[in-house]
Amino acid sequence: MPYRSAPTRVRAALLRRIAGATAAVTLVAVGAAGPAAAAAVNGARPAAAVGVAAALDDPTLPTSAIALEAPASATALDPITITGRLTLEDGTDPGVQQVAVNRVVPDETWTTLFTNTAVDGTFTLTDIPPLSGHLRYDAYWFSTENYQGSTASVTVAVAGRAATLTLDGSRIGRDGRQLSLTGTLGLDGKAPGQPQTLAVTRTIWNNRLDGAVQQLPNITTDGRGAFTILDTPTQGGRHVYTVSWDGDPVYAASSASHEIAVSSPDSHIAGQVAEPAYLGLAFWVTGAVTYDVGVCAGPTVVRVSRRINGGAAQQLPNVTTDASCGFGFDDTVGRTGQVAYTVTWDGDSTHRRTTGTITGTVQKQPSGIEATSPDRTLLNGQQAVIEGKVTDGNAASIGAKLRLTVRRIGPDGSSVDLPRVTTAEDGTFSYRDSPPTMDASTYPQFQYEFSWSGNATYQASNTSVFFYIVPPDCDC
């Protein structure tokens, strides 16, 4: 069947883009040829795409089809080859036909390329992806007087090109002394056309920090793509400097690292006061002399002074450390509040003198009230009998007469303050009270609350005993 191209109709026809259409994609060898583009328009549709369709495909005409194949992946600026074939429904060869291909980049702008088929309908298009991302290639053959037009689409994952980022400098340093690291950013062996901003981090490993990442000020490349990082470490340890570039539409992000072993003569003292620390009772204070890098070798001696609530310093006996420079001592203080120990080590031939502060809080000793009754169920008219004892935190006697407050709380929640009770020297006490007469059928409950406000040495404490009024015939 004869047919003829219709360039006038092609230019007037609406170029139909297929968004999201799928086509079979297989890996095809990429040729190193230049881009085949008889005509190309960046960022705008070609004339054939923007005109209003002069005529729609005649559905009574035989159909056509385009099959496309492209590499599954590619690299920006490296040529790729897209192959395809135009076929006609009746199986005849289409002859030499023009096929339009839109290359659509991630921001949905496009460039239109053209290629011609061979007589059997096969065609090849070599293109250079201008940037990275998922690029879609939409192919179009426009309808003729004898055949309906056809379209196909294929997507290629285009990777960014590898940038070259270097970072170099000394492998050793010392805290307090400035370090200088230099590097370059190269794009295919050339400096970037414009200055580029690079992020810089410093990661430190030592006896105090375990891979702590610290952000340093950004730096900018010069006209040669070169840059310099200046930094003054404040402590010893493994310092890893990392410089990072975010990349651009063509080149992928890149980073480079450089490690420096930073020595330091600094030493440190840290420790803690064992909790809880009670007034008048011995408590334990521990600590150690440490270095940024390496292990302190003992035994050695540290000097200790103490302040309570910010008062005057009191010198305590010197303390000898163990072989790892750890130390511990017990202490007893006569006031509550914050206690601060200033611990000083005079240093040695390799490390400087250092002073550290160890703080804790001293509180009153705990107290408790034990209270029991031989019978918790009472008939109306019977007395509530309570025996008890005030003790310290170890359930031992406080060793003094103590005045206790007594409160009776009735079934309705109302309370009555009863006469106070004074303990014996050993903290024991006995108490008796007759609850008001109540309707025993409801089994009303009375609560006796004993409380002590504490003193200069001991904390306050309280306890309760509960009684129930029961009917005479209760088997309880």
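For every chain, the first residue of its written sequence is number 1, and the numbers climb from 1 along that sequence. In view of the model being predicted, local features appear only for residues whose pLDDT reaches at least 70, and side-chain atom pairs are presented and counted only at 80 or more, with totals across whole chains, interfaces and linings using the full set of residues. To obtain the side-chain values, all non-hydrogen atoms of the structure were included, while hydrogens and water were left out.

Asks: Can you explain the overall build of the protein? Please cite residues and give values.
Replies: For the protein, the helix and strand inventory stands at two helices and 33 strands. Relative accessibility thresholds used throughout: buried, under 20% of the residue-type maximum; exposed, over 50%; partly exposed, between the two (1.4 Å probe, protein chains only). When burial is assessed residue by residue, the protein has 42% of its 476 residues classed as buried. Should any heavy atoms of two residues lie within 4.5 Å, those residues are counted as being in contact. Within the protein, residue pairs in contact and separated by at least 24 positions form 66% of the contacts whose partners lie at least 6 positions apart. If you sum the accessible surface of the protein, you get close to 23,800 Å²; carbon and sulfur atoms cover 51% of it. In this description a helix means any DSSP run of H or I spanning at least four residues, a strand means any run of E spanning at least two, and both kinds are numbered starting from the N terminus. To measure how exposed things are, a 1.4 Å probe is used in the Shrake-Rupley method; for residues, cover is taken only from the protein chains shown.

Asks: Account for the pairing of strand β24 (residues 337-345), with residues named and values stated.
Replies: Most of β24 is tucked away: seven of the nine residues are buried. Each pair of strands is called paired provided DSSP finds at least two bridges between the two strands. Bridge analysis of strand β21 (residues 301-308) against β24 gives six bridges, and the strand direction is antiparallel. Looking across to β24, one finds that Ile308 is bridged to Val339.

Asks: Describe in detail the sheet that holds strand β29 (residues 403-409), supporting the description with residues and values.
Replies: Read from one edge to the other, the open sheet built from five strands follows the order β27-β33-β32-β29-β30, with strand pairing classed as mixed. Both outer strands of the open sheet, β27 (377-378) and β30 (415-422), are each paired with one neighbouring strand and no more. Strand direction decides the pairing type here: strand β32 (residues 445-452) and strand β33 (residues 461-469), joined by eight bridges, are antiparallel. Note that in β33 the partner of Tyr448 across the bridge is Val465.

Asks: Now, about the pairing of strand β12 (residues 179-186): what can you tell me, with residues and values included?
Replies: One ladder, built from two bridges, connects strand β9 (residues 164-165) with β12; its direction is antiparallel. Residue pairing in the sheet places Thr164 in a bridge with Gly186 of β12. Note: strand β10 (residues 168-169) against β12, two bridges, orientation antiparallel. In the strand pairing of β12, Asp168 is matched with Thr182.

Asks: Tell me about the sheet that holds strand β6 (residues 122-127), residues and numbers included.
Replies: Strand pairing within a sheet occurs via backbone hydrogen bonds; the two strands may be parallel or antiparallel. Taken in spatial order, the three strands make up an open sheet running β1-β3-β6, and their pairing is antiparallel. The sheet is open, and its two edges are formed by β1 (64-69) and β6, each paired on a single side. Shown here is a sheet whose adjacent strand axes are inclined to one another by a mean of 20 degrees, direction ignored. Angles here are taken between N-to-C directions and fall from 0 to 180 degrees, while the axes themselves are lines fitted to C-alpha atoms, restricted in helices to the stretch in contact.

Asks: Residue-level account of the side chain of Thr463, with values.
Replies: Along the chain, Thr463 turns up in strand β33. When sequence neighbours within four positions are dropped, the list of residues in contact with Thr463 reads Ile369, Ala371, Tyr448, Glu449 and Phe450.

Asks: Any details on the state of the cysteines? Residues and values, ideally.
Replies: Cysteine pairs can be covalently joined through their sulfur atoms, and such a bond is termed a disulfide. Cysteine sulfur atoms that come within 2.5 Å of each other are treated as a disulfide pair. Here the structure, examined in full by the defined rule, presents one disulfide. Disulfide pairing is shown between Cys296 and Cys325; the S-S distance is 2.0 Å. Measuring the twist about the S-S bond at about -65 degrees, one finds the Cys296-Cys325 disulfide to be left-handed. With Cys296 in the loop between β20 (283-291) and β21 and Cys325 in the loop between β22 (314-320) and β23 (326-331), this pair connects stretches of sequence that are 29 residues apart. The exposure class of Cys296 is buried, given its relative accessible area of 3%.

Asks: So what about the packing of aromatic side chains? Which residues, and what values?
Replies: We call Phe, Tyr and Trp rings a pair once their centres come within 6.5 Å, taking the six-membered ring for Trp, and we label the pair stacked below 30 degrees between planes, edge-to-face above 60, and tilted otherwise. Within this structure, the stated rule accounts for five aromatic pairs. For the pair Tyr431 and Phe450, a centre-to-centre distance of 5.7 Å together with 85 degrees between the ring planes defines the contact as edge-to-face. Of this pair, Tyr431 sits in strand β31 (residues 428-433) while Phe450 sits in strand β32, and the two are 19 residues apart along the sequence. No difference in accessibility class separates Tyr431 from Phe450, as the two residues are buried. Centroid distance Tyr448 to Phe467: 5.6 Å. Interplanar angle 90 degrees. Geometry classified as edge-to-face. One end of the pair, Tyr448, is in strand β32; the other, Phe467, is in strand β33, with 19 residues separating them in the sequence. Among the aromatic residues, those joined into a ring-pair cluster are Phe429, Tyr431 and Phe450.

Asks: Describe the pattern of salt bridges, with residues and values.
Replies: We define a salt bridge as a side-chain nitrogen of Lys or Arg found within 4 Å of a carboxyl oxygen belonging to Asp or Glu. All told, the structure shown has 14 salt bridges when counted by the stated rule. Salt-bridge contacts for Arg136 lead to Asp138; the nearest nitrogen and oxygen are separated by 3.1 Å. With respect to class, Arg136 is no different from Asp138; both count as buried. Taking the shortest distance from any N to any O, the salt bridge between Asp346 and Arg353 comes out at 3.6 Å. Three or more residues joined by partner-sharing salt bridges are found here, namely Asp78, Arg161 and Asp188.

Asks: Describe unusual backbone geometry, with residues and values.
Replies: Pro276 follows Glu275 through a cis peptide bond whose omega is -5 degrees. Take Pro276: it is sitting in the loop between β18 (267-273) and β19 (277-278). In this chain, Gly298 is followed by Pro299 through a cis amide linkage whose omega measures 5 degrees. By the secondary structure assignment, Pro299 is in the loop between β20 and β21. A positive phi angle is found at Cys325, which is not glycine, with a value near 70 degrees. Of note in this structure, Ala395 is not a glycine but carries a positive phi near 65 degrees. If you trace the backbone, Ala395 turns up in the loop between β28 (384-392) and β29. Using a relative accessible area of 47% as the deciding quantity, one classes Ala395 as partly exposed.

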